[in-house]
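Each chain is listed here by its residues.
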Amino acid sequence: MAIFVGSGALNLDLFYEVSELAELSFPGVEFRPGGEAAGDRETLYALRDYLEARGRFVAALGGGSAANTVWALSRFGFKTAFIGAAGRDEEGERALAELAEEGVDLSRVVISGTTGMALIVLDRRRDRFIFVSPGTAEKALAEFDPPLKKGEWLHLSSLITGEGLAFHRRLIRRAFGPTSLDPGEIYAARGFKTLRPLLERTSLLFITEAELDTLGLPPERLLATGPELIFVKRGPRGVTVFSRRNGAFSLPAESPPRVVDNTGAGDFFNAGVLAGLARGLSPEAAARLGVTVAAVSLRDYGRRGCPSRKEFLNWLGELFAGDKRNGTSRRYG
């Protein structure tokens with residue numbers, strides 16, 4: 001069975017509920033539904049106090065795209081590890097403890113500086129706004145070269161700093177097995193030329209329609225750059241998968257059991273796809289698994305909504321049986 005190793009930003013997410021985003025007013029911050037803003041730690045603390053007075057604190061949970069994905073994969077029963085940096089602070093301790101409790105190997109995490117934090121604000125319509133304050137821990141990655149081992153599947157998501165991007169370029173050059181990338185808005189905004197060294201060594205690319213528009217390239221051009229499969233995440237309209245071998249196909253989204261919060265849904269989609277491929281599902285069945293995992297994850301805040309191992313295994317069995325009937329099952333990588 002594959003060993004998944006994730007690398008990307010590591011954050012502590014603070015969740016707040018308010019009545020209406022439109023009713024909030026804070027200097028320099030526009031509370032736009034679906035929007036995201038960034039600022040320094042002083043601004044984050046001031047905004048946190050503002051939300052404490054006008055809303056309801058819900059939860060403090062670990063975050064970060066690759067961290068969410070390997071956390072879910074560990075929950076599903078895979079061996080996992082995380083490579084990156086966390087701050088020498090309470091936020092870092094909490095974020096790492098959450099990963100460790102789910103069985104993620106943290107032996108390749110460097111501890112330095114401060115941990116990134118995010119305020120996630122939801123209103124009664126489940127509209128969401130995020131305010132991010134990057135920490136300084138990533139600076140330590142400039143001199144960090146952890147080993148990669150045979151049999152490991154490397155999954156990357158974005159890091160904020162130039163040191164972080166350079167670190168990922170070094171890391172992916174040393175990967176032995178399959179690699180996957182979810183660039184997020186941060187890496188996509190750096191442009192195709194900057195991202196190309198990663199894309200050339202990427203086996204699977206997970207990307208949203210908005211990020212694809214930011215890059216300004218069609219999926220066919222990206223396939224020619226390196227990836228074998230591209231999963232274009234389309235939110236409530238499902239996913240379109242582009243394959244170098246078999247063309248493209250689309251799947252609709254599934255209706256969630258209930259919608260509480262969509263934070264991390266894309267990361268859990270990634271986990272479902274990676275788990276399905278590693279267990280021998282066809283790309284189409286793996287994409288269906290990803291869609292199911294993402295839909296169910298909306299039932300609670302952040303990682304709290306992630307499906308259990310039992311749920312995952314039930315869906316996997318059903319999809320694997322369908323693959324066998326269709327003669328399409330194969331092991332990826």
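As the structure is a prediction and not an experimental result, all values here were calculated from the model. (Residues numbered from 1 in each chain as written. Predicted model: local features only at pLDDT ≥ 70, side-chain atom pairs only at ≥ 80, totals over all residues. Heavy atoms only, no water.)

### Focus: the overall build of the protein chain
The helix and strand inventory of the protein chain stands at eleven helices and 14 strands. Radius of gyration (C-alpha) of the protein chain: 19 Å, near the 20 Å computed for a compact globule of 333 residues. The principal-axis extent of the C-alpha atoms belonging to the protein chain is close to 60 × 45 × 40 Å. Buried positions account for 57% of the 333 residues belonging to the protein chain. (Helix = DSSP H or I, 4+ residues; strand = E, 2+ residues; numbered from the N terminus. Rg over C-alpha atoms; globule rule 2.2 N^0.38 Å. Buried < 20%, exposed > 50% of the residue type's maximum accessible area, 1.4 Å probe, protein only.)

### What about the side chain of Asp-123?
Residue placement: Asp-123 occurs in the loop between β7 (116-122) and β8 (128-133). Buried charge without a salt bridge: Asp-123, with Arg-125 as the nearest opposite-charge side chain at an N-O distance of 4.4 Å. At 3.1 Å, the side chain of Asp-123 and the backbone nitrogen of Asp-127 are in polar contact. (Lys, Arg positive; Asp, Glu negative; His and termini not counted. Salt bridge = Lys/Arg side-chain N within 4 Å of Asp/Glu carboxyl O. Polar contact = N/O pair within 3.5 Å; in protein donor to acceptor, adjacent residues only side chain to side chain.)

### Digging into the environment of Lys-79
Note on placement: Lys-79 falls in strand β5 (residues 79-86). The exposure class of Lys-79 is exposed, given its relative accessible area of 61%. The spatial distance from the C-alpha of Lys-79 to the C-alpha of Val-104 is 7.3 Å, given a sequence separation of 25 residues. Excluding residues within four positions of it along the chain, Lys-79 makes contact with Ala-2, Ile-3 and Phe-4. (Contact = heavy atoms within 4.5 Å.)

### A word on the sheet that holds strand β12 (residues 229-233)
Taken in spatial order, the nine strands of this open sheet run β6-β5-β1-β9-β10-β11-β12-β13-β14, and their pairing is mixed. Lying at the two open borders of the sheet, with one neighbouring strand each, are β6 (105-111) and β14 (247-251). Ignoring strand direction, the axes of neighbouring strands in this sheet form an average angle of 15°. Bridging between strand β13 (residues 239-243) and β14 involves five bridges; their strand directions are antiparallel. Each bridged residue has a counterpart across the sheet, and for Val-241 the counterpart in β14 is Phe-249. On top of the sheet, helix α2 (residues 65-75) reaches β1 (3-7), β5, β9 (152-157) and β10 (179-182); it is set at about 155° to β5, its chief contact. Packed onto the sheet, helix α3 (residues 90-101) meets β5 and β6 and runs at close to 165° relative to β6. (Pairing = 2+ DSSP bridges. Axes fitted to C-alpha atoms, helices over the stretch in contact; angles between N-to-C directions.)

### Section: unusual backbone geometry
Phi angles above zero are rare outside glycine, and Arg-126 is one such case at about 70°. In this fold, Arg-126 is placed in the loop between β7 and β8.

### Here we look at the confidence of the model for the protein chain
Residues with a pLDDT of 70 or more make up 98% of the protein chain, whose mean pLDDT is 93. Model confidence for the protein chain, summarised as mean pLDDT per element, is weakest for strand β3 (residues 36-38) at 82 and strongest for β10 at 98. (pLDDT = per-residue confidence, 0-100.)

### Section: the pattern of salt bridges
One pass over the structure, following the stated rule, counts 17 salt bridges. Of the charged contacts, one joins Asp-145 and Arg-170 as a salt bridge, the two residues approaching to 2.9 Å between their closest N and O atoms. Here Asp-145, found in the loop between β8 and β9, pairs with Arg-170, found in helix α4 (residues 162-173); they are 25 residues apart in sequence, far enough to count as distant. Note that Glu-284 is salt-bridged to Arg-288, the shortest N-O span being 3.1 Å. Highlighted residues: Glu-284 and Arg-288, both in helix α10 (residues 283-297), separated by four residues, approximately one helical turn. Given the relative accessible area of 35%, Glu-284 is considered partly exposed. For Arg-288, a relative accessible area of 37% gives the class partly exposed. Because the salt bridges share partners, they merge into one network encompassing Glu-17, Arg-56 and Arg-126.

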